[in-house]
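If you want the building blocks of each chain, they are given just below.
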Amino acid sequence: SLNLSSLLEDGDQGINLKLSHGDVLKINTTNIESLTQYKLAKTTLAPAKIGITVVGEVKDPGEKIVISGISLIEAIMIAGGPVDWEANKQNIQLIREGENGKIIVSKYKYNINKNHEISKNPILKEGDIINVNTSNYTKFSRGLQNIFTPVRDIITAFTFYKLID
């Protein structure tokens, strides 16, 4: 059993074993988000860039190629930040494919405080999708617009017809 964090963080070559043909490596997974994982994501073992998608109420939604080790809040900022009065900053979803293809949806808050815990601002992985949800105010106003736009057009046509007649 090897702990690679001391190799990567401190350069301890004592655990850097030479592998031979036929050796089998088993790498265990973890669900713990930590500062160590953040540091490991920035090492040369991780890809230099990853692809993510930011959708919803941000100024520049779409697919983004970002540096490895980027956090959820940083990715939202790269997408232009939340749209004022339209984004629900209390309901940010991180959609991630877990083991065996299972989709995991986690909810976060948009908080740009530098002292923010990593567990509340996770490090992103290749293929992650960030959805900045719509505020209730925006949902309501868009609903009214969908209802009254056709009615407005009918009233305009009727008024125009009365003026001609």
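Preceding this paragraph is the structure being described.
Residues numbered from 1 in each chain as written. Predicted model: local features only at pLDDT ≥ 70, side-chain atom pairs only at ≥ 80, totals over all residues. Heavy atoms only, no water.

Asker: When you look at the sheet that holds strand E5 (residues 129–134) in this model, what are you seeing that I'm missing?
Answerer: The pairing of strands in a sheet comes from backbone hydrogen bonds and takes either a parallel or an antiparallel form. Across the sheet, which stays open at both edges, the five strands sit in the order E2-E1-E5-E3-E4 with mixed pairing between neighbours. The open sheet has two free edges, formed respectively by strand E2 (62–67) and strand E4 (103–108), since each of these has just one partner strand. Recorded for the sheet is a direction-independent mean angle of 25 degrees between the axes of neighbouring strands. Relative to E5, strand E1 (residues 49–56) is paired through four bridges, and the arrangement is parallel. Within the sheet, the bridge partner assigned to Thr-53 lies in E5 and is Ile-129. (Pairing = 2+ DSSP bridges. Helix = DSSP H or I, 4+ residues; strand = E, 2+ residues; numbered from the N terminus. Axes fitted to C-alpha atoms, helices over the stretch in contact; angles between N-to-C directions.)

Asker: It is not clear to me how the nonpolar core should be interpreted in this structure. Could you clarify?
Answerer: Most often, soluble globular proteins have nonpolar side chains that are buried together. In this structure, Ile-52, Leu-72, Ile-76, Ile-92, Leu-124, Ile-130 and Val-132 are the most contacted members of the largest nonpolar core, which totals 19 residues. Where this core is concerned, the elements lending two or more residues are E1, helix H3 (72–78), strand E3 (87–97) and E5. No other element matches H3, which puts four residues into this core. (Core = buried A, V, L, I, M, F, W, Y, C linked by side-chain atoms within 4.5 Å. Buried < 20%, exposed > 50% of the residue type's maximum accessible area, 1.4 Å probe, protein only.)

Asker: It is not clear to me how the environment of Lys-109 should be interpreted in this structure. Could you clarify?
Answerer: Tracing the sequence through the fold places Lys-109 in the loop between E4 and E5. Between the C-alpha atoms of Lys-109 and Gln-90, which are 19 residues apart in sequence, the distance is 4.5 Å. Apart from the residues lying within four places of it in its own chain, the contact partners of Lys-109 are Ile-73, Lys-89, Gln-90 and Ile-92. (Contact = heavy atoms within 4.5 Å.)

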